[in-house]
Amino acid sequence: MLKSFFSGLYRHKSSLASENIITTIKSVNSYRITLSDPKTRNTLSIIALQRLIEEIKIAGDDLSLKSIVLCGNGPVFSAGHNLNELSIPENQKIIFSLATKLMNTMIECPIPIIACVDGVAAASGCQLVAASDMAICSNRSSFSTPGVNLGLFCSTPGIPLSRVVSKKTAAYMLFTGTSINAEEALRTGLVSKVVEPEELDNEIIKLTTLIGQKSRSVISLGKTFFYKQIDENIKLAYENGEQIMLDNLKLNDCKEGLLSFVEKRKPNWSK
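So, a few notes on the structure that sits alongside this text. (Residues numbered from 1 in each chain as written. Predicted model: local features only at pLDDT ≥ 70, side-chain atom pairs only at ≥ 80, totals over all residues. Heavy atoms only, no water.)

1. Focus: the pairing of strand β4 (residues 67-72)
Among the 6 residues that make up β4, 6 are buried, leaving the element largely enclosed by the rest of the structure. Side chains Ser67, Val69 and Cys71 project from β4 onto one buried face, and the interleaved Ile68, Leu70 and Gly72 project onto a second face that is buried too. Judged from the 6 bridges that link them, strand β3 (residues 30-35) and β4 form a sheet pairing that is parallel. Each bridged residue has a counterpart across the sheet, and for threonine 34 the counterpart in β4 is cysteine 71. In the sheet, β4 pairs with strand β6 (residues 113-117) via 3 bridges, with the strands oriented parallel. Paired with leucine 70 across the two strands is alanine 115, which belongs to β6. (Buried < 20%, exposed > 50% of the residue type's maximum accessible area, 1.4 Å probe, protein only. Helix = DSSP H or I, 4+ residues; strand = E, 2+ residues; numbered from the N terminus. Pairing = 2+ DSSP bridges.)

2. Here's the deal with the pattern of salt bridges
Per the counting criterion, the structure on display carries 10 salt bridges. With its nearest N and O atoms 3.2 Å apart, the salt bridge here joins glutamate 203 to lysine 193. Taken together, the residues span a long stretch of sequence, with glutamate 203 in helix α9 (residues 200-212) and lysine 193 in strand β11 (residues 193-195) at a distance of 10 residues. By relative accessible area, glutamate 203 is classed as buried at 12%. For lysine 193, a relative accessible area of 35% gives the class partly exposed. As a salt-bridge pair, glutamate 203 and lysine 206 come within 3.5 Å of each other at their nearest N and O atoms. With glutamate 203 and lysine 206 both in helix α9 and 3 residues apart, the pair spans about one turn of that helix. The exposure class assigned to lysine 206 is partly exposed, which follows from its relative accessible area of 48%. (Salt bridge = Lys/Arg side-chain N within 4 Å of Asp/Glu carboxyl O.)

3. Description of helix α12 (residues 252-262)
Considered for burial, the residues of α12 that qualify are Asp253, Cys254, Glu256, Gly257 and Ser260. The buried residues of α12 occupy an angular sector of 160° when the element is viewed end-on, so they sit on one face. For α12, exposure combined with an orientation more than 90 degrees from the buried face picks out Asn252 and Val262. Packing partners of the buried residues in α12 comprise α10 (216-230) and α11 (234-250). In the stretch just after α12, lysine 264 is the one whose phi turns positive, near 55°. (Arc of directions from axis to C-beta. Contact = heavy atoms within 4.5 Å.)

4. Some remarks on the packing of aromatic side chains
Tallied over the full model, the rule gives 2 aromatic pairs. Relative to phenylalanine 175, the ring of phenylalanine 153 lies with its centre 5.4 Å away and its plane at 45°, an arrangement referred to as tilted. One end of the pair, phenylalanine 153, is in the loop between β9 (142-144) and α6 (158-164); the other, phenylalanine 175, is in helix α7 (residues 167-176), and 22 residues separate them in sequence. Ring centres of phenylalanine 226 and tyrosine 227 lie 5.1 Å apart, and the angle between their planes is 85°; this geometry places the pair in the edge-to-face category. Accessibility expressed as a relative area gives 43% for phenylalanine 226, which makes it partly exposed. Classification of tyrosine 227 as partly exposed rests on a relative accessible area of 23%. (Phe/Tyr/Trp six-rings, centres within 6.5 Å; stacked < 30°, edge-to-face > 60°.)

5. Brief notes about the sheet that holds strand β5 (residues 76-78)
Strand order in the open sheet formed by 4 strands is β5-β7-β9-β10, with mixed pairing between adjacent strands. Both edges of this open sheet fall to β5 and β10 (180-181), since each of them pairs with a single strand only. Pairing analysis gives 2 bridges linking β9 to β10, with the strands arranged antiparallel. Residue phenylalanine 143 lies in a different strand from β10, and its bridge partner there is isoleucine 180. Where helix α5 (residues 124-131) meets the sheet, it contacts β5, β7 (120-122) and β9, and its direction lies at approximately 100° from that of β7. (Axes fitted to C-alpha atoms, helices over the stretch in contact; angles between N-to-C directions.)

Quick look at the structure:
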């Protein structure tokens, strides 16, 4: 997946963790993080969770980057937590603490995170999609929170899920464990766009290119306020939004953008 996007243009870095379960590739202004453990269906093991947190922080701190793409190697984006690890009592608190830290890291990351799904996203794998800022999937993808079938309700996956899809859809997925297909995921708001599998590469290219043409400082300001205002009372959100707009106008890149409009030219962003 995405080979045409990155081949010959970028440096490749493999995780130091066992079996290279996370791989990363940096482009001019985008960073791809791939779950590369198809033998376990790309489960979110302790090591995988630690590496995802680390790589997202690395990308967020790199001022040359404007987006992150999360992928899965193979027919499964991610099957969720590693149940072998989860069956060990000593691991349980560690796993869920890391999962919470990962979710917060994604929210706090100053640049957009895009889930690129071509296959199955289940349990905390579905949570990873729901927690991403955007999600592009192939029409053969499916999404589920099947923990209830094993006696472990997908309570934490339900947190971002219930915030991006309707209450009824979230309840259907959580209480039945039944998967929804790509078109259903699009209709309910779990994903941003559905394409044919062979079009996924180009769609990611278009999306990261569009984001790459924007000012990083403006994107970061916008993402921070976007998540802040979602949980606020609407009147308070408008009050705080007024100040954010004024703060935005003070940014050098905003001044440059407005000037470029007047001068009928493309803006020259600082980053």
